[in-house]
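A look at the structure
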Amino acid sequence: MRKLINGKTMALVWTVLRIWIGLKWIEAGYSKIKSGFDAGGYLQGTIANASGDHPTVQSWYASFLEGFALPNIEFFNILIPWGEFFVGLGLILGLATIPALIAGAFMNFNFMMAGIGFSGLDSKLFVGAMILLFIGKGRYFYGLDRFVIPYIKNHFSIKRRMLQN
């Protein structure tokens, strides 16, 4: 079964999924960078959605947004669009694929917690990222990680051998 999931044919399927997710991320990040992203209004709306008869946002998450994200809004106004852009770039190139998938899944999870829910595109991107995280080497067989990871491993094993001698 492992050979099927990580074979060259399935690696093509995983690559298409990885690039599709990457394109969605880069598109979202680029549009925010280009338009001058400001998360302030969105965060205020998310915090407001934590109250009432049928809140769409958990109160603990709204408290986090109010106590941490809102006071640091300038940081988040840079982090979100550039984070989305670099996650997309990493996934498209297949470079730093695992960190890009983890960062993307983390952002998707936060967007879902902010009231978007599990029916939008964020939930589909989250599921796609989770699948790619757990399938193994097939996720980057057709990507730069295929060459970069062995190089890094070799580099550190040479350094380790030098330190041991």
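Scoring rules and cut-offs
Residues numbered from 1 in each chain as written. Predicted model: local features only at pLDDT ≥ 70, side-chain atom pairs only at ≥ 80, totals over all residues. Heavy atoms only, no water. Helix = DSSP H or I, 4+ residues; strand = E, 2+ residues; numbered from the N terminus. Phe/Tyr/Trp six-rings, centres within 6.5 Å; stacked < 30°, edge-to-face > 60°. Lys NZ or Arg CZ within 6 Å of the ring centre and 35° of its normal. pLDDT = per-residue confidence, 0-100. Core = buried A, V, L, I, M, F, W, Y, C linked by side-chain atoms within 4.5 Å. Buried < 20%, exposed > 50% of the residue type's maximum accessible area, 1.4 Å probe, protein only. Contact = heavy atoms within 4.5 Å. Expected span 1.5 Å × (residues − 1). Salt bridge = Lys/Arg side-chain N within 4 Å of Asp/Glu carboxyl O.

Some points on the environment of Gly45
If you trace the backbone, Gly45 turns up in helix α3 (residues 40-48). For the pair Gly45 and Ala114, spaced 69 residues apart in the sequence, the C-alpha separation amounts to 9.2 Å.

Points about the packing of aromatic side chains
Summed over all chains, the structure comprises 11 aromatic pairs. Seen from their ring centres, Phe75 and Phe76 are 5.6 Å apart, and the 80° between their planes marks the pair as edge-to-face. An angle of 80° between the planes, with centres 5.6 Å apart, marks the rings of Phe85 and Phe86 as edge-to-face. An aromatic cluster of three or more residues is present, and its members are Trp60, Tyr61, Phe64, Phe68, Phe75 and Phe76. One Lys or Arg, Arg146, reaches over the ring of Phe141 and ends 4.0 Å from the middle of that ring.

Quick word on the confidence of the model for the chain
Per-chain confidence: the chain averages 90 in pLDDT, with 96% of residues scoring 70 or above. Predicted confidence in the chain is weakest over helix α1 (residues 2-5), with a mean pLDDT of 67, and strongest over helix α5 (residues 73-93), with 97.

Structural notes on the nonpolar core
Residues Trp25 and Leu91 are the most contacted members of the largest nonpolar core, which totals 29 residues. The set of elements that each furnish at least two residues to this core consists of α2 (8-35), α3, α4 (59-69), α5, α6 (97-116) and α7 (121-134). Take this core: its biggest share by element is 7 residues, from α6. Discounting chain neighbours no more than four positions away, the residues touching Trp25 are Glu84, Phe85, Val87, Gly88, Leu91, Gly104, Met107, Asn108 and Phe111.

Quick look at unusual backbone geometry
Phi at Ala96 takes a positive value of approximately 55°, unusual for a residue other than glycine. Mapping Ala96 onto the fold places it in the loop between α5 and α6. Residue Ala96 is classed as partly exposed on the basis of its relative accessible area of 38%.

Describing the environment of Glu74
One can find Glu74 in helix α5. Spatially, the C-alpha atom of Glu74 lies 8.2 Å from that of Asp38, the residues being 36 residues apart in sequence.

Examining α7
Along an α-helix, a turn takes 3.6 residues, which lines up residues three or four apart on a common side. Helix length check: α7 (14 residues) gives 20 Å between terminal C-alpha atoms against 20 Å at 1.5 Å per residue, within 8%. Buried within α7 we find Asp122, Ser123, Leu125, Gly128, Ala129, Leu132 and Leu133. Those residues of α7 hidden inside the fold are in contact with α2 and α6. Gly136, located one to two residues past α7, shows a positive phi value of around 100°.

Side note on the pattern of salt bridges
Inspection of every chain in the model, using the stated rule, returns 1 salt bridge. Where Lys32 meets Glu84, a salt bridge forms, and the shortest distance between an N and an O atom there is 3.1 Å. With Lys32 in helix α2 and Glu84 in helix α5, this residue pair connects regions lying 52 residues apart in the sequence.

Side note on the environment of Gln44
You can see Gln44 is positioned in helix α3. Under the relative-accessibility criterion, Gln44 is labelled partly exposed at 45%. Gln44 sits 22 residues away from Glu66 along the chain, and the two C-alpha atoms are 8.2 Å apart.

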